[in-house]
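Examining the three-dimensional arrangement
Read off the chains here:
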There are 2 protein chains.
Amino acid sequence: MFSPLIEDLIRALRCLPGVGPKSAQRMAMYLLEKDRDAAGLLASSLQQAVEKVGRCSRCRTLTEQEICALCNNMRRDHSLLCVVETPADVLAIEQAGNYHGLYFVLHGHLSPIDGVGPADIGLDVLGERLGEKQSNETGAEEPMIRELIIATNPTVEGEATAQFIAERARARGVAVSRIAHGVPIGGELEYIDGGTLAHAFNSRTVL
Amino acid sequence: MFSPLIEDLIRALRCLPGVGPKSAQRMAMYLLEKDRDAAGLLASSLQQAVEKVGRCSRCRTLTEQEICALCNNMRRDHSLLCVVETPADVLAIEQAGNYHGLYFVLHGHLSPIDGVGPADIGLDVLGERLGEKQSNETGAEEPMIRELIIATNPTVEGEATAQFIAERARARGVAVSRIAHGVPIGGELEYIDGGTLAHAFNSRTVL
Ligand SMILES: [Zn+2]
Ligand SMILES: [Zn+2]
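The rules behind each value
- Residues numbered from 1 in each chain as written.
- Chains lettered and ligands numbered in written order.
- Predicted model: local features only at pLDDT ≥ 70, side-chain atom pairs only at ≥ 80, totals over all residues.
- Heavy atoms only, no water.
- UniProt positions renumbered as here; feature names shortened; annotations may be inferred.
- Donors = N, O, S within 2.8 Å, 3.2 Å for Na, K, Ca; no water.
- Tetrahedral: all angles 85-135°; square planar, octahedral: opposite > 155°, others 65-115°.
- Helix = DSSP H or I, 4+ residues; strand = E, 2+ residues; numbered from the N terminus.
- Buried < 20%, exposed > 50% of the residue type's maximum accessible area, 1.4 Å probe, protein only.
- Domains from an automatic or database assignment.

- With an unreviewed UniProt entry as reference, chain A is termed Recombination protein RecR, source organism Microbulbifer agarilyticus.
- If you open the UniProt record of chain A and go to Sequence similarities (unreviewed entry), you find "Belongs to the RecR family."
- UniProt, in its Function (unreviewed entry) section for chain A, records the words "May play a role in DNA repair. It seems to be involved in an RecBC-independent recombinational process of DNA repair. It may act with RecF and RecO."

**Let's talk about the coordination of the zinc ion (ligand 1)**
All names here are of chain A.
- Around the zinc ion (ligand 1), the donor atoms from the protein are C56 (SG), C59 (SG), C68 (SG) and C71 (SG), and they sit 2.3 Å away.
- Geometry at the zinc ion (ligand 1) is tetrahedral, judged from the four donor atoms that bind it and their angles of 105 to 117° at the metal.
- Mapped onto the sequence, the donors of the zinc ion (ligand 1) take the spacing C-x2-C-x8-C-x2-C. In this pair, C56 sits in the loop between β1 (54-55) and β2 (62-63) while C71 sits in the loop between β2 and β3 (77-84), placing the two residues 15 residues apart along the sequence.
- Look at C56 and you get buried, because its relative accessible area is 2%.

**Here's the deal with the domain arrangement of chain A**
- When the domains of chain A are assigned, the result is domain 1 (4-52) and domain 2 (76-185).
- Here the C-alpha centre of domain 2 of chain A lies 37 Å away from the C-alpha centre of domain 1 of chain A.

Here it is, written out as structure tokens:
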């Protein structure tokens, strides 16, 4: 129906999450008919990002810098480290706004059947972080990381990954915690799935 | 929150129609985390399309070819010409599947207050098309275009454009028609806007 280059563009746009055939067509038409400048800008942004964005050498989040802005921010608490599966999780936690420590991004979770082992999710790098020491007021050495907060997803793999990391952290004398899971605030019980409800009961706290 | 290149990419993605801040973030994360090949392909498709896609010299639809595949298709009826506002309209009519003539794309409509005059919507090119002649069986000359079907949108500007084109076509001895407007097939009367209903009554046909 369209010319080959337009069909190519529509096909390429369909690779975007949430974009079906109709929206891809609409996007292609919009870019070519109404806003070629935006199309050119998007092309070069994609090119630049693909070429230059790598991972922060400290926390492994996506960045084109050697060390990301979060890791470089001295107004954050560098003794707290929160382990997440993806950069999008960092964003979600930042938008919640009450955590002011640093992050460590796994880019996945342990998954032996898919051949994803500890090194693939950066646990060697995390191990080094957990091994970093500093002297306290009395001159004694203590871990740089005061607390490791594990915020992997509450899935089977996320839980297994959390347990694995927790053991390693405890072995190095670092305190470990896991974020709470249960009924979302404002969530109505009748719409919560059974697994979440069961977990909420098992993890109930004394009032 | 994100590094400059990622923020640039998110901003560029937001230029796509129907893409808000959340989806742009999700798209950027997806491309950088999961599918850099797709990102690279999208970048080059955009680049290619922006550079090479122009307009068919016959019908003005978007294509990188001198003459588009529709105009070049000898299995279509070259004596029927349908005037539409956008390439997306061509697609919609093609998908309906019962029209087998050619198209002429205005890329807009007459809009004197916006400084859009006849030449801006290709009416000079359309005029040449309407002036093309061929000899019939008896050797007499007749217009190449047997019927001009006007399918501009049923808006004030679309109607004015339709009237303007119709006059020019009639002056050249070409038969002109306008596609029907009214209650959509399968549409329920109670949900149809008043303007459409009024038009449907005025355009009623004898049974
Ligand atoms: Zn970092
Ligand atoms: Zn054409």
